[in-house]
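Topology and contacts: notes
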Amino acid sequence: MTVYRTHTCGELRQSHADERVVLSGWAARIRDLGGLIFLTVRDRYGRTQVVFDPDRSEELVLEAKRVRQEWVVRIEGMVRTRPEQDRNADMPTGDIEVVADRLEVLASCETPPLLPEDDFVPSEEHRLRHRFLDLRRARMQKILVTRHNLLQTVRRVLSKQGFLEIETPYLTRSTPEGARDFIVPSRLHPGQWYALPQSPQTYKQILMVSGFDRYFQVVRCFRDEDFRANRQPEFTQIDIEAAFVDEEQIRETAETLMKAVFEQALEIPFPTAVPRMTYRDAMQRYGTDKPDTRYGQELVDLTDHLAGHGFGVVDGISKAGGGAVGLCVQGQAAVSRSWIKKWEEFVKQRGLGGLMPLRVQEDGSWANPLGKFIPAEQLQKAADALQMGEDDLGLIALDKGMRRFEVMGMLRSALAQELGWIDESRHELLWVTDFPLVEWNEEEERYDALHHPFTAPRYEEWERWRETDPSRIMSRAYDLVWNGHEVAGGSIRIHDRTWQEKVFGLIGLSPEEASKRFSFLMEALQYGAPPHGGIAFGFDRMVMLATGETSIRNVIAFPKTTAGMALFEGAPGVVDEDQLHELHLQEIKPKGETGEND
RNA sequence: GGGGCAGUAGCUCAGUUUGGUUAGAGUGCCGGCCUGUCACGCCGGAGGUCGCGAGUUCGAGUCUCGUCUGCCCCGCCA
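Residues numbered from 1 in each chain as written. Chains lettered and ligands numbered in written order. Predicted model: local features only at pLDDT ≥ 70, side-chain atom pairs only at ≥ 80, totals over all residues. Heavy atoms only, no water.

1. Comments concerning the sheet that holds strand β14 (residues 356-360)
- Read from one edge to the other, the open sheet built from 5 strands follows the order β12-β13-β16-β14-β15, with strand pairing classed as antiparallel. At either margin of the open sheet sits one strand with a lone partner, and together these are β12 (300-301) and β15 (366-367).
- Two strands pair when backbone bridges link them, and β12 and strand β13 (residues 323-329) are joined in this way by 2 bridges, in the antiparallel orientation. For V300, the partnering residue across the bridge sits in β13 and is G326. (Pairing = 2+ DSSP bridges. Helix = DSSP H or I, 4+ residues; strand = E, 2+ residues; numbered from the N terminus.)

So, in structure tokens, the structure goes:
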């Protein structure tokens with residue numbers, strides 16, 4: 001209780017009737033009936049109707065007439081139960097109103113560029129430019145409250161299990177692997193640079209070596225890459241690491257956390273067992289390492305049904321290690337040619353040669369461009385493999401690489417959107433396991449770490465495949481997938497310098513190069529590093545899924561646009577010549593602005 | 001780096017297909033009326049660099065090219 005308010009705007013009920021109250025908030029709606037004036041006052045907690053009655057004070061009504069939307073007002077008055085016929089069942093405070101006897105304008109407001117109402121959502125550009133007003137909307141306030149609650153839940157759950165929150169530096173050194181770093185010039189050391197961390201990966205491993213056997217951190221991470229609906233240049237991770245554990249304990253911790261999130265934010269029961277799927281299964285059945293298992297429509301390898309029947313293209317692809325992948329589109333046998341063409345274009349843009357429909361013709365035979373080469377019984381077998389019924393449409397793609405699964409997976413999820421296959425009320429969690437340690441990078445002609453280079457291999461597989469086929473070595477990594485989004489990923493790490501050097505060797509980093517770039521970690525690994533592993537949650541994504549939003553910008557108070565701009569603050573921006581000078585920097589003007597060149 | 005969609009009144013949009021007189025609607029804003037509204041209602045008014053720049057044309061919101069901004073996707077993101 002302050003001079004500004006005795007109650008919040010979401011608080012008053014019939015039980016408060018006849019109490020004298022003070023409310024402060026923003027004028028949300030003003031209904032001036034000529035005599036009576038109704039004013040809806042809004043704050044973070046809700047809305048309350050205030051009534052100004054000329055029968056009580058003409059003067060007060062005249063004052064109230066001046067008030068405009070989004071002014072900040074303070075009201076004194078009596079709580080009154082509304083007449084039966086005038087109650088508003090849609091408002092929590094709809095059974096009462098406050099009869100004002102005093103009005104004070106705490107702040108007036110220019111005509112606002114947007115109205116903070118939930119049923120009035122302007123363009124995202126406009127919302128970001130006037131974020132302070134956009135954040136007044138009840139929806140945004142609710143999201144940020146949920147975000148806060150989840151943060152507290154995470155901290156409580158992990159602390160209770162003995163995890164210590166330890167902060168790590170934001171000014172660190174650049175590690176050229178992985179994403180591009182944001183770099184920060186050093187004033188005291190001309191020509192030298194800090195980098196903002198892509199994640200606290202090495203620090204948390206070192207904390208394990210130091211004996212903090214259970215660590216977590218709510219931490220900002222920075223990656224200078226292109227952005228998407230669920231990617232921002234700076235984002236928040238729940239970073240977790242533990243020593244003397246294996247995969248099971250990390251997964252258990254992660255599930256405990258998710259259980260709390262489900263119960264807290266979604267108020268739905270947590271699955272008794274989170275299903276698991278191997279990376280290989282995920283790629284073959286869904287064409288992605290983060291399958292959305294809220295709907296079926298799995299991909300089916302049709303190579304065996306279609307190859308070996310004298311059709312050169314299929315046979316050739318098959319011999320080259322490729323094949324045919326099919327997808328069953330329920331109830332769409334009658335779609336037009338242009339519909340199919342549209343989706344064929346979709347897969348072509350993503351690198352496949354084409355998309356063939358398979359469907360029953362009027363005479364009962366199978367229609368398919370391969371029909372003249374491939375016997376009907378084989379087409380029937382393919383259709384059976386796709387579990388196609390008469391009204392269903394099969395879509396088949398051929399390609400010689402693994403890309404066919406990925407693209408068909410993209411097609412699967414695009415069709416799910418288009419045809420409404422997804423039950424939005426469902427929530428599906430899934431562990432993806434058995435990732436390969438490395439994958440072949442065509443362009444650079446070397447192996448890349450699939451997860452990151454500190455991930456432990458399955459050592460027996462290493463011994464078996466290192467020399468002959470390293471891509472068959474599995475790692476001890478795991479990802480947690482929620483409704484087709486990767487919400488967490490982690491691994492058991494390498495805790496031995498010799499092994500770390502071996503893995504660096506496989507991805508083309510010499511021991512010298514490795515110790516140059518990761519000297520501090522390499523050194524730590526020689527001084528009694530315990531076995532350890534961990535996981536990191538993408539917290540923004542987690543909040544996005546928990547609130548049913550489709551963009552992480554909506555769950556971040558001040559996000560950047562897809563071009564990395566902060567429209568509200570105006571970042572990035574130019575700095576003074578003096579600032580640059582002090583940092584030993586000189587601006588190189590883009591061509592055309594120097595006046596020297598043409 | 002590539003592709004797609006969008007940009008018209010403060011805001012949300014129509015008009016662009018097929019170039020043609022003075023660019024419309026709703027809402028917000030300003031003024032008037034209105035004593036039970038709750039997206040109050042009714043009457044009137046003001047409000048436009050059709051993102052920006054070139055070009056085609058007798059004439060461009062509309063066609064062409066370039067460019068900027070926002071969103072979505074591919075690549076990228078260990």
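2. Examining the layout of surface pockets
- Counted as a void, the second largest pocket has a volume near 700 Å³.
- Taken together, 23 residues make up the lining of the second largest pocket; nearest its centre are F182, I183, P572, G573 and V575.
- Looking at which element gives the most residues to the lining of the second largest pocket, the answer is strand β7 (residues 183-185), with 3 residues.
- Partitioning the lining of the second largest pocket into residue classes produces 15 nonpolar, 3 polar and 5 charged. (1 Å grid on protein atoms, 1.4 Å probe; cavity = no way out; pocket = protein on both sides within 12 Å on 5 of 7 lines; lining within 4 Å. Points joined across faces, edges and corners; volume = space filled by probe spheres on them. Nonpolar A, V, L, I, M, F, W, Y, C, P; charged D, E, K, R; others polar.)

3. Thoughts on helix α6 (residues 247-266)
- In a regular helix each residue adds 1.5 Å, so 20 residues correspond to 28 Å; α6 covers 27 Å between its end C-alpha atoms and thus fits that length.
- Positive backbone phi, at 55°, marks E267, one or two positions downstream of α6. (Expected span 1.5 Å × (residues − 1).)

4. Overview of the packing of helix α4 (residues 138-160) against helix α17 (residues 539-547)
- Here α4 crosses α17 at 125°, and the two axes come no closer than 10 Å. The angle between α4 and α17 falls in the class oblique. As for how α4 packs across α17, the hand of that crossing is right-handed. Contacts from R139, I143, T146, R147, L150 and L151 of α4 reach α17 at F539, D540, V543, A546 and T547.
- A class-by-class count of the residues in the contact of α4 with α17 yields 6 nonpolar, 2 polar and 3 charged. (Axes fitted to C-alpha atoms, helices over the stretch in contact; angles between N-to-C directions. Parallel < 35°, antiparallel > 145°, perpendicular 65-115°, else oblique. Left-handed = near helix turned anticlockwise from the far one by under 90°. Contact = heavy atoms within 4.5 Å.)

5. Some remarks on the protein's contact with RNA strand B
- In the vicinity of RNA strand B there are 52 residues, among which D32, D55, R228, H451 and T562 approach most closely.
- A breakdown of the atoms of RNA strand B within 4 Å of the protein gives sugar and phosphate a share of 55%.
- Taking D55, its side chain carries an N or O atom lying 2.4 Å from a base oxygen of RNA strand B.
- S123 is positioned with one of its backbone polar atoms (N or O) 2.7 Å from a phosphate oxygen of RNA strand B.
- When contributions to the surface near RNA strand B are tallied by element, the ones reaching two or more residues are β1 (20-32), α2 (124-129) and α12 (403-419). (Near = heavy atom within 4 Å. Polar contact = N/O pair within 3.5 Å; in protein donor to acceptor, adjacent residues only side chain to side chain.)

6. Quick look at empty space enclosed by the protein
- Applying the stated criterion across every chain, the model contains 1 cavity of 30 Å³ or more.
- Within this model, the largest cavity holds a volume of roughly 30 Å³.
- Lining of the largest cavity is provided by L128, R131, F558, P559, A566, L567, F568 and E569.
- Here the lining of the largest cavity is composed, by residue class, of 6 nonpolar, no polar and 2 charged.

7. As for the side chain of K560
- As for its placement among the helices and strands, K560 is situated in the loop between α17 and α18 (577-582).
- The buried category is assigned to K560, whose relative accessible area is 14%.
- Within the structure, K560 has its side chain in polar contact with the side chain of E234 (distance 3.2 Å).
- Beyond its immediate sequence surroundings of up to four residues, K560 is in contact with Q232, P233, E234, R553, M565 and A566. (Buried < 20%, exposed > 50% of the residue type's maximum accessible area, 1.4 Å probe, protein only.)

8. What to know about the nonpolar core
- Membership of the largest hydrophobic core comes to 67 residues, with the highest contact counts inside it found for I238, I240, M258, L480, W482, I535 and F537.
- Counting residues per element, this core draws most heavily on α6, which supplies 8 residues.
- I340, L411, W421 and I422 belong to the second largest nonpolar core, which has 25 residues in total. (Core = buried A, V, L, I, M, F, W, Y, C linked by side-chain atoms within 4.5 Å.)

9. Some thoughts on the pairing of strand β9 (residues 214-222)
- Counting buried residues in β9 gives 7 out of 9 residues, a clear majority hidden from the surface.
- Note that strand β6 (residues 164-165) and β9 share 2 bridges and pair parallel. Within the sheet, the bridge partner assigned to L164 lies in β9 and is Y215.
- Taken together, the 9 bridges between β9 and strand β10 (residues 234-243) define a ladder with antiparallel strand orientation. Considered in β10, the bridge of Q217 is made with D239.

10. Examining the domain arrangement of chain A
- Once the domains are mapped, chain A shows domain 1 (14-107), domain 2 (142-277 + 430-555) and domain 3 (295-422).
- Taking the mean C-alpha position of each, domain 2 and domain 3 sit 37 Å from one another. (Domains from an automatic or database assignment.)

11. Quick notes on the pattern of salt bridges
- With the rule as written, the count across this model stands at 45 salt bridges.
- A salt bridge links D101 to R20; the shortest N-O distance between them is 2.9 Å. In this pair, D101 is assigned in strand β5 (residues 96-107) and R20 in strand β1, connecting sequence segments 81 residues apart.
- Between R285 and D281 there is a salt bridge whose closest N-O contact spans 3.4 Å. In this pair, R285 and D281 are both assigned in helix α7 (residues 279-286), 4 residues apart and thus about one turn of the helix distant.
- Salt bridges sharing partners connect three or more residues here, namely R20, R74, E76, D101, R102 and E104. (Salt bridge = Lys/Arg side-chain N within 4 Å of Asp/Glu carboxyl O.)

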